[in-house]
Amino acid sequence: MNNMNLIPLYPEIFLLLAICVILLVDMFLADDKRNLTYALSLLSLAVCGALTLFNSDGGTAYISNNMFVSDPMSNLLKLFSYIAIGVTLIYGRQYVADRGMTSGMLGGEFYVLALFSLLGQMIMISGNNLLVIYLGLELMSLSLYALVALRRDHTLSTEAAMKYFILGALASGFLLYGISMLYGATGTLDLSAIAKAAASPTANKTILVFGIVFVVSGLAFKLGTVPFHMWVPDVYQGSPTAVTLLLGGAPKLAAFAICFRILVEGLFPRAVDWQQMLMVLAVLSMAIGNITAIAQTNLKRMLAYSTISQMGFMLLGLLSGVSNGNISLAADAYSASMFYSITYVLTTLGSFGVIMLLARSGFEAENLSDLKGLNKRSPWFAFVMLLLMFSLAGIPPLMGFYAKLSVLQAVLASGQIWLAVLAVLFSLIGAFYYLRVVKLMYFDEPADQGVIVASADMRIVLSVNGLAVLALGLMPGSLMSACSAAIVKTLAS
């Protein structure tokens, strides 16, 4: 039904107003008072979370002429997006301060741009119209372009920003061209209307297929999957680590959401076309991501190639929901993919959190050698990193194991046994470079004798982050049930 009230839009409206207020307040703050900007940003995220929970009644509401949808899937993904951005701000507060990214002429732009990127993600997650989704994507992307280039005096950051902007503009062009072709074939930008038009026997199949090719190419860039992965390692390495986490964390939830909205809700009648494309993207991403990561000595580049392989694994769930036309199996596959996205974000937050924990003013803990002997310097945070690496490798009883298992079950249920075998083989290859990190922390002598200094809030949140990965691995049922229920209700709406 079409809900004409604006209650489902309250989180987005509030966040936009909060960003404007924070920007105005920050103009009058001295450098030593910048913690107020940080506190206001976290408070804004908490209020957005409360508003989203208030609106989470389990139903689906369409507003703004069906261009915006509030449903269980969007609410759950938004809640985890708030958590991801909030945790990133906590991890990055000392890091950005030490590098002058929140002082002088820059002020509180780091926090404001991070919130703007979140607003774009929220629009992407709830977009029910191709143009709305594109506007949300551009809002997020433009904010991230600026964040990557925030250190204007840093050569690597400037180079990374140029690469990201140029390739991002190319991907946006692909996506927009694909959208225009879909509009030409269906005469509408509304996802539900596109689904009806695509299922019609009179639809122009040729234009639809060309539109799907360009749309999937644009989505693949945002996910960082092969062969649209060129920007990922360079941008991850060149960006300040706090910005790298803003790139590699919450946006992956929004990317999953728009893949689901466009491909499943809008183009499911043409699933036979995009399923084959996702299959190629997934296999290539798992192969190149895992094999290339082995050769990396830079920790951020290694995690970048890890991201490529993890996104390939996530795509397996999306493409497995197509086979046999069984709604129950489809819901299981999509919920497994959604659970995998959330798992990836939580483990990525902790991994980059440890990197920022080890970094200090004038020193970037970016190389694998910087983790040598971490167990002797800080046994607890070495254990946290061990949990995170084991989870990314898919070792039980961590959260990542259950995420991989649920995706593999979906692939097997779709009858694609060869695809499941390939996924397991590439996961075994990937385990090498994750376990190498553990070996360096526990069996090598420390290369750096510097004292690990971090604020109490970062230490607490990083500890909770690591323990959450363990707890959700031992008891994954609640989150998996929430993902399953969200997908089932969204598909039924």
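Residues numbered from 1 in each chain as written. Predicted model: local features only at pLDDT ≥ 70, side-chain atom pairs only at ≥ 80, totals over all residues. Heavy atoms only, no water.

A. Quick peek at the pattern of salt bridges. Taken as a whole and assessed by the stated rule, the structure comprises 12 salt bridges. Glutamate 265 is the partner of arginine 261 in a salt bridge, and the nearest nitrogen-oxygen pair spans 3.2 Å. Note that arginine 261 and glutamate 265 are positioned in helix 11 (residues 250-266) at a spacing of 4 residues, about one turn of the helix. For lysine 439, the salt bridge is made with aspartate 444, and the minimal N-O distance between the two is 3.2 Å. (Salt bridge = Lys/Arg side-chain N within 4 Å of Asp/Glu carboxyl O. Helix = DSSP H or I, 4+ residues; strand = E, 2+ residues; numbered from the N terminus.)

B. Representation of the environment of tyrosine 434 within the structure. Structurally, the position occupied by tyrosine 434 is in helix 18 (residues 417-443). A relative accessible area of 2% means that tyrosine 434 is categorised as buried. The residues contacting tyrosine 434, other than those within four sequence positions of it, are Ser306, Gln310, Met389, Leu392 and Ala393. (Buried < 20%, exposed > 50% of the residue type's maximum accessible area, 1.4 Å probe, protein only. Contact = heavy atoms within 4.5 Å.)

C. Summary view of the side chain of arginine 151. Tracing the backbone shows arginine 151 in the loop between helix 5 (130-148) and helix 6 (155-186). Given a relative accessible area of 16%, arginine 151 falls into the buried group. In contact with arginine 151, other than residues within four places in its own chain, are Arg99, Met101, Ser157, Thr158, Pro240 and Glu364.

D. Summary view of helix 5. Spanning 19 residues, helix 5 covers 27 Å between terminal C-alpha atoms, matching the ideal 27 Å at 1.5 Å per step. Most of helix 5 is tucked away: 14 of the 19 residues are buried. (Expected span 1.5 Å × (residues − 1).)

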